[in-house]
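What follows is the residue order along each chain.
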Amino acid sequence: MQHDGLWQAVLGEIELSVSRGNFVTWFKTTTLLKQDDGLIVIGVTSIFIKRTLEKKYTELLTTVLQKNGVKVDSVEFKTVSSSSPKPSDHRDKPVVLSELQAKQSNVTSSAPATQQFAGDPKNVLSHDYGQGLNERYTLDNFVVGDGNELAFAACQSIAGQPSTKYNPLLLYGGVGIGKTHLIQAVGNAIAAHDPKAKILYISTEQFVREFVQALRLRTTAAFASYYRTADVLIVDDIQFIAGKDKTQEEFFHTFNTLHQANKQIIMSSDKPPKEIHGLEARLQSRFAGGMSIDMQIPDFETRCAIIETKAANHGTALDPEVIEYLATNGQTNIRELEGALNQLLAWCEMRNIEPTLDLTASLLNVSKTRPKHLSAKQIIERTARHFQIPIEDIVGPKRDKDIVVPRQVAMYMLRNELHLSFPKIARELGRKDHTTAIHSVDKIQKESQVDAALRNAISEIKEHLYA
Ligand code: ADP
Ligand code: MG
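Regarding the site of ligand 1
- Lining the immediate environment of ligand 1, one finds 19 residues, of which Val143, Gly176, Thr180, His181 and Glu338 sit closest.
- Taking Ile177, its main chain carries an N or O atom lying 3.1 Å from an oxygen atom of ligand 1.
- Against a free-state accessible area of 560 Å², the protein chains account for coverage of 97% of ligand 1.
- When residues of the shell around ligand 1 are traced back to their parent elements, those giving at least two are helix 7 (179–193), helix 12 (300–313) and helix 14 (334–351).
- In terms of residue class, the shell around ligand 1 is built from 7 nonpolar, 7 polar and 5 charged.
- Lining the shell around ligand 1 are residues from two domains, each supplying at least three of them: domain 2 (97–294) and domain 3 (300–368).

Okay, here's the thing in structure tokens:
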């Protein structure tokens, strides 16, 4: 019991000296098991926490313990048996938070529409403030470590006090490393504090689409006033605005209006502004005018912690070796990591078996082997045929919707069936920029989860390919 008081004091101090994300991920679930004449034994709930504390935080723990009058000769970490209520215990917070948000979103959805434009009902934009936010993404269920720590800290700070520091905030980095998660989480956190705040989350593609539509319907004034009266504007994948001159101009004015009114702007991009080709110089300088943070794929320990957390949310406690295997094997981003984990969990659930290392290894290897008889050309041809468009169009320059979607599906198939690299996929479809391939695969992946027709199209194409 004495231990408890001492440990609370130690944790209290540590909380002040590390970022909140690091505290929650690495310290929050620790306990003091033993304090015996200079020997300190700290209980941890997972081997990954143990390793990280050993590697990075022994000194800090020693200092803080000593400050609290404890004699410290050596600090040891012991994993407390996995029979302790690990899964739900560690991540009880997100549930509470999302419940709160669910309540709040009920409040907003039952309220009258915040934005009504005069005149033609067609002028009403397709979404409402707050609508773009997905409550699945929270700051509490984001695992913090090397690679994303700084981005997390900035988001945490904005969530607490929007528009004071870091405006605009721009997170940039490769695909699947948590940019959307973090910027969405800030929106959710601000909404939780202030349900009345007009928070607008929008993908750049949607912004472009809406603007083009507004031009066509001559409703640009309504469009502008909608975006320019937001309290928080969150724009995802801003690199897609490159080369779209009119939209850039519109966005420039929106940006200025909001910034001058001291409203928070948050953006994500796959590269730093100066490397976005076709981005106007004045936007480049605006984007870089606040805080730009480079996000990297988190280090091994953090990836392990992410897998462990996600498995725990699913109610499964995985063996450390399975987690390590997943975190090590050829995973280049967290989205893929999650995909591999979900595949494993689904496989085991359907067959009611335990996820062992052997099974994991064979499952992931199987899914990586390329079917020998299948070529990229066959996939592209079959996809074009399915959508009844000429093969020249699918690999050609046309950008009509009825060509673009089949092209995106073909990219998705090349990735999933042949595991081709993104640059190779882009080349196969006559595209220069591999980010187009990344984006297309991602888009079809997401849309196929909600769009049954798309899902059917994909399985029909597959059936033919493997028949
Ligand atoms: P990006 O926008 O950078 O392409 P996302 O934000 O969509 O990537 O992240 C991909 C997936 O990985 C999401 O499901 C997200 O929740 C998850 N993810 C990424 N980083 C983390 C993290 N540090 N902790 C928990 N989940 C993460
Ligand atoms: Mg994203």
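Some details on the nonpolar core
- In this structure, Phe27, Ile42, Leu318 and Leu326 are the most contacted members of the largest nonpolar core, which totals 47 residues.
- The residues that make up this core include at least three from each of domain 1 (2–79) and domain 3 (300–368).
- Each residue touching Ile42, except ones within four places of it in the same chain, is listed here: Trp7, Thr30, Thr31, Leu32, Leu33, Leu61, Val75, Glu76, Phe77 and Lys78.
- Ranked by size, the runner-up nonpolar core spans 28 residues in total, among them Val409, Ile425, Leu454 and Leu465.

Considering the packing of aromatic side chains
- Following the criterion strictly, the structure yields 12 aromatic pairs and no others.
- Between Phe255 and Phe287 the ring centres are 6.0 Å apart and the planes differ by 45°, which places this aromatic pair in the tilted class. In this pair, Phe255 sits in helix 10 (residues 245–260) while Phe287 sits in helix 11 (residues 281–287), placing the two residues 32 residues apart along the sequence.
- Given the relative accessible area of 1%, Phe255 is considered buried.
- Here the aromatic residues Phe207, Phe211, Phe223, Tyr226, Tyr227, Phe251, Phe255 and Phe287 are joined through ring pairs into a cluster of three or more.
- Note that Arg282 overlies the ring of Phe252, its terminal NZ or CZ placed 3.9 Å from the centroid.

Overview of the side chain of Thr138
- With respect to the helices and strands, the residue Thr138 is situated in the loop between helix 5 (92–110) and helix 6 (149–160).
- There is a polar contact of 3.4 Å between the side chain of Thr138 and the backbone nitrogen of Asp140.

Re the sheet that holds strand 5 (residues 199–203)
- The strand order 5-6-7-4-8 describes an open sheet built from 5 strands, whose pairing is parallel. Each edge of the open sheet carries a strand with a single partner, namely strand 5 and strand 8 (291–294). Across the sheet, the mean angle separating the axes of adjacent strands is 10° when strand polarity is ignored.
- Pairing of strand 4 (residues 169–172) with strand 8 involves 4 bridges; the strand directions are parallel.

Topic: the sheet that holds strand 3 (residues 74–79)
- On the basis of which strands lie adjacent, the open sheet formed by 3 strands has the order 1-2-3 and mixed pairing. Strand pairing shows two members of the sheet lacking a second neighbour, strand 1 (31–36) and strand 3, which therefore form its edges. The average undirected angle you get between the axes of adjacent strands in this sheet is 20°.
- The sheet contact formed by strand 2 (residues 39–44) and strand 3 spans 6 bridges and is parallel. Bridge pairing in strand 3 links Ile40 to Val75.
- On top of the sheet, helix 3 (residues 47–67) reaches strand 2 and strand 3; it is set at about 150° to strand 3, its chief contact.

Some words on the pattern of salt bridges
- Scanning all chains against the criterion turns up 21 salt bridges.
- A salt bridge links Arg335 to Asp442; its shortest N-O distance comes to 3.1 Å. Taken together, the residues span a long stretch of sequence, with Arg335 in helix 14 and Asp442 in helix 20 (residues 434–450) at a distance of 107 residues.
- A residue is classified by how much of its surface remains accessible, and Arg335, at 32% relative accessible area, is partly exposed.
- Taking the shortest distance from any N to any O, the salt bridge between Lys443 and Glu447 comes out at 3.9 Å. Of this pair, Lys443 and Glu447 both sit in helix 20, 4 residues apart, which is roughly one turn of the helix.
- Residue class for Lys443 comes out buried when judged on its relative accessible area of 18%.

Describing the pairing of strand 7 (residues 264–269)
- Burial analysis of strand 7 places 6 of its 6 residues in the buried class, the great majority of the element.
- Pairing analysis gives 4 bridges linking strand 4 to strand 7, with the strands arranged parallel. Considered in strand 7, the bridge of Leu169 is made with Ile266.
- As judged from the 4 bridges shared by strand 6 (residues 232–236) and strand 7, these two strands associate in the parallel manner.

Quick notes on the environment of Pro390
- On the secondary structure map, Pro390 appears in the loop between helix 16 (376–386) and helix 17 (391–394).
- Separated by 13 residues in sequence, Pro390 and Ile403 have C-alpha atoms that sit 9.3 Å apart.

Looking at the pairing of strand 5
- Most of strand 5 sits inside the fold, with 4 of its 5 residues counted as buried.
- Sheet topology places strand 5 next to strand 6; 5 bridges connect them, and they run parallel. Bridge pairing in strand 6 places Ser203 opposite Asp236.

Examining the confidence of the model for the protein chain
- When pLDDT is averaged along the protein chain, the result is 85; 88% of the residues meet or exceed 70.
- Across residues 82–124, confidence stays below pLDDT 50; counting only partners more than four residues off in sequence or on other chains, it has 54 contacts.

Observations concerning the environment of Asn342
- Here Asn342 lies in helix 14.
- As a C-alpha pair, Asn342 and Ala311 span 31 residues in sequence and 8.5 Å in three-dimensional space.

Topic: the packing of helix 18 (residues 401–418) against helix 21 (residues 452–466)
- At a closest axis distance of 11 Å, the pairing of helix 18 and helix 21 adopts a crossing angle of 55°. As summarised for this structure, helix 18 and helix 21 are arranged oblique, according to the angle between their axes. Handedness of the helix 18/helix 21 crossing: right-handed. Every residue of helix 21 that contacts helix 18 at Val409, Tyr412, Met413 and Glu417 is listed here: Leu454, Ile458, Ile461, Lys462, Leu465 and Tyr466.
- Of the residues belonging to the contact of helix 18 with helix 21, the class tally is 8 nonpolar, no polar and 2 charged.

Analysis parameters
- Residues numbered from 1 in each chain as written.
- Chains lettered and ligands numbered in written order.
- Predicted model: local features only at pLDDT ≥ 70, side-chain atom pairs only at ≥ 80, totals over all residues.
- Heavy atoms only, no water.
- Near = heavy atom within 4 Å.
- Polar contact = N/O pair within 3.5 Å; in protein donor to acceptor, adjacent residues only side chain to side chain.
- Areas by Shrake-Rupley, 256 points an atom, 1.4 Å probe, with all protein chains shown as cover.
- Helix = DSSP H or I, 4+ residues; strand = E, 2+ residues; numbered from the N terminus.
- Nonpolar A, V, L, I, M, F, W, Y, C, P; charged D, E, K, R; others polar.
- Domains from an automatic or database assignment.
- Core = buried A, V, L, I, M, F, W, Y, C linked by side-chain atoms within 4.5 Å.
- Buried < 20%, exposed > 50% of the residue type's maximum accessible area, 1.4 Å probe, protein only.
- Contact = heavy atoms within 4.5 Å.
- Phe/Tyr/Trp six-rings, centres within 6.5 Å; stacked < 30°, edge-to-face > 60°.
- Lys NZ or Arg CZ within 6 Å of the ring centre and 35° of its normal.
- Pairing = 2+ DSSP bridges.
- Axes fitted to C-alpha atoms, helices over the stretch in contact; angles between N-to-C directions.
- Salt bridge = Lys/Arg side-chain N within 4 Å of Asp/Glu carboxyl O.
- pLDDT = per-residue confidence, 0-100.
- Parallel < 35°, antiparallel > 145°, perpendicular 65-115°, else oblique.
- Left-handed = near helix turned anticlockwise from the far one by under 90°.

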